[in-house]
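# Structure assessment
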Amino acid sequence: MGILQDRIYAHSPIRLQNWLVSLYGIKLYRERYGQYYEQELERLRRAPNEASPDAKLNHLNQFLQFCNQHNVYYQRLFKKHGVTLPLKSLEDFKRIPPLEKETLRTDETIFSNLHAPIIGMTGGTTGKSIQVRFTEYDYQMRMAHLDFFKEQHGFRRGMKRASFTGRMICPGNQKNAVYWRYNAPMKQMLYSVVHSNPTTIPHYIDSLNEFQPAALDGSPSDMIEIAKYLKTHQKTLSFRPVALFPTSETLTPSGRLLLEEMFQAPVYDQYASSEGAPIVTECECGKMHLRPEMGIIETDAFGEALVTSFTTHGTPLIRYRIGDRMTLSEAMCPCGRQDTIIESIDGRQMNYVETPEGYKVFEGDLTAAVGVLPNSIIQIQVLQHKIDEIEMLYVKDEARFEPEHEVALQKEVERLFTSRMKVLLRDVKSIKKEKNGKVRVVKRLYT
């Protein structure tokens, strides 16, 4: 939404805000559920497990040949490193050097020369602002695989779901205790993560009991806060979802157990990214699987993941250093699927800023704020000096940054908080690394 649209939304009555959310939902519905989605979902429903030794290489060669025809960056890269297509083995694939975040952020030749109208924006776990492009085919294929994953666990499109989101769906200073908005086309109740705190959680529980969702998805931290409240106050829900599908954050074993206990439903995790990393989903045996038609995940000597995603034709990701650490497994899964197993995903952090009201704004939401800018912020760090004051340090791209970008960033960060939080922005030349060589994006400095 533009500034004018945001202002109109923020000052509209809740009934009109629900209508505007549903209007945007219609746009998303049309992008996600078209012919490519229907064809792929039907194929997944009837196809046997595709895990032959040649499946991964065949999918890889198809994607690499597309890049060689439609992408200037990879045309140059393949020529420079003597990459001859089709590859004869997966070992040859390692001749292609990794794609770094800085290259993805700054080199516009990484965009393919075809229509890719869907824009993905992310701040990433490292705080770099990145915008990527997807074709309709990419987007619908990803949605088909996500929906197939949920179908395997009892949830089908068209059933009601509750989604916990960091998007500013409610004005920061809203007085009315209605911290959710309804996306009618998708039968989706969106719950504001920003407004969730010990005082407001009873309102969330009342709304969930009234809505009776068949599944919950989104931020696991907020689901856990609700579960903790239910257990502490010895309360129960009046509905029983078929499953919970957390996203974006690391889910600890204790957190999973608490969710399953208080929601009386199994939890199934998933992994993806706004950049378009291949989708990894959890099976009924608790193992995380990567289908060969989704992509390839490798790890280097330090366990850092290099991802190749076959649903990124608009902005191809080939051996992309995504910033997460993973552990791969060669063990066989009891579920019978023979595709790649991700034993653990270690890079996603549950780091957050604590607010005067008692709720948490997590690292992912803070880094996502830079996504409103056209790749003009290289890196950020958020320092919390007091319970009611944060300072965002940002390293700007001198060639891309404009004065109005700071104003836009200030507004985007402020939208995550109420007026009680003082938000300061400071332009710096660099951000100090920790002893492990990495930048800690969120640091709470007060005691």
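For the structure given in this document, a descriptive report is provided here. Once a new chain begins, its residue numbering starts again from 1 and follows that chain's sequence as written. Residues qualify for local features only when their pLDDT is at least 70, as the model is predicted, and side-chain atom pairs are given and counted only at 80 or more; totals for whole chains, interfaces and linings, by contrast, use all residues. Side-chain measures were taken over the full set of non-hydrogen atoms in the model, leaving aside hydrogen atoms and water.

### Brief notes about helix H2 (residues 14–32)
Only DSSP runs of H or I reaching four residues or more are called helices, and only runs of E reaching two or more are called strands; each is numbered from the N terminus. Between the first and last residue of a helix there are one fewer steps than residues, each counted as 1.5 Å, and that sum is the expected span. Along its 19 residues, H2 runs 26 Å from first to last C-alpha, staying within 8% of the 27 Å computed at 1.5 Å per residue. Only protein chains enter the calculation, and the probe is 1.4 Å; a residue is then buried if its accessible area is under 20% of its type maximum, exposed if over 50%, and partly exposed in between. Among the residues of H2, Gln17, Leu20, Val21, Ser22, Gly25, Leu28, Glu31 and Arg32 are the ones counted as buried.

### What about helix H13 (residues 403–414)?
Between its first and last C-alpha atoms H13 spans 18 Å; for 12 residues at 1.5 Å apiece the expected length is 16 Å, and the two agree. Every buried residue of H13 is accounted for by His405, Leu409, Gln410 and Val413. Summarising the axial view, the buried residues of H13 lie within an arc of 140°, below the 170-degree limit, and thus occupy one face. Buried residues belonging to H13 abut strand E17 (377–386), strand E18 (389–396) and strand E19 (422–427). As used here, the arc belongs to the directions running from the helix axis to the C-beta atoms. Residue contacts are defined here by distance: any two heavy atoms, one from each residue, within 4.5 Å place the two residues in contact.

### Focus: the side chain of Ser163
For Ser163, the location among the structural elements is in strand E3 (residues 161–165). Judged by relative accessible area, Ser163 falls into the buried class, the value being 4%. A polar contact of 3.3 Å, which involves the side chain of Ser163, links it to the side chain of Arg161. Aside from chain neighbours lying at most four places away, what touches Ser163 is Gln188, Met189, Leu190, Tyr191 and Asp217. For the purposes of these results, a polar contact is taken to be a pair of N or O atoms within 3.5 Å, where, inside protein, one atom must be able to donate a hydrogen and its partner to accept one; residues adjacent in sequence count only when each atom of the pair is a side-chain atom.

### Side note on the nonpolar core
Here, nonpolar core refers to any group of buried Ala, Val, Leu, Ile, Met, Phe, Trp, Tyr and Cys residues whose side-chain atoms link them within 4.5 Å. Counting residues in each nonpolar core, the largest one holds 52 residues, and the members touching the most others are Tyr74 and Ile318. Looking at this core element by element, the count peaks at six residues for helix H4 (residues 55–70). Apart from residues lying up to four places away in sequence, Ile318 is in contact with Phe63, Leu64, Cys67, Tyr74, Phe78, Phe93, Ile96, Leu99, Val307 and Thr308. Counting residues in hydrophobic clusters, the runner-up holds 29 residues, among them Phe164, Val193, Leu251 and Met262.

### A few points about the sheet that holds strand E4 (residues 180–183)
With mixed pairing, five strands are arranged side by side in an open sheet as E4-E5-E3-E6-E7. If you trace the sheet from one side to the other, it starts and ends with E4 and strand E7 (243–246), each paired once. Direction aside, neighbouring strands of the sheet carry axes that sit 20° apart on average. In terms of strand pairing, E3 meets strand E6 (residues 215–218) through four bridges, oriented parallel. Directly across from Phe164, in E6, lies its bridge partner Gly218. Each axis is a line fitted through C-alpha atoms, taken for helices only over the stretch in contact, and angles between the N-to-C directions span 0 to 180 degrees. Taken strand by strand, H2 contacts E3, E4 and strand E5 (188–192), and its axis lies near 45° from that of E4. Pairing between strands is defined by DSSP: at least two bridges between them are needed.

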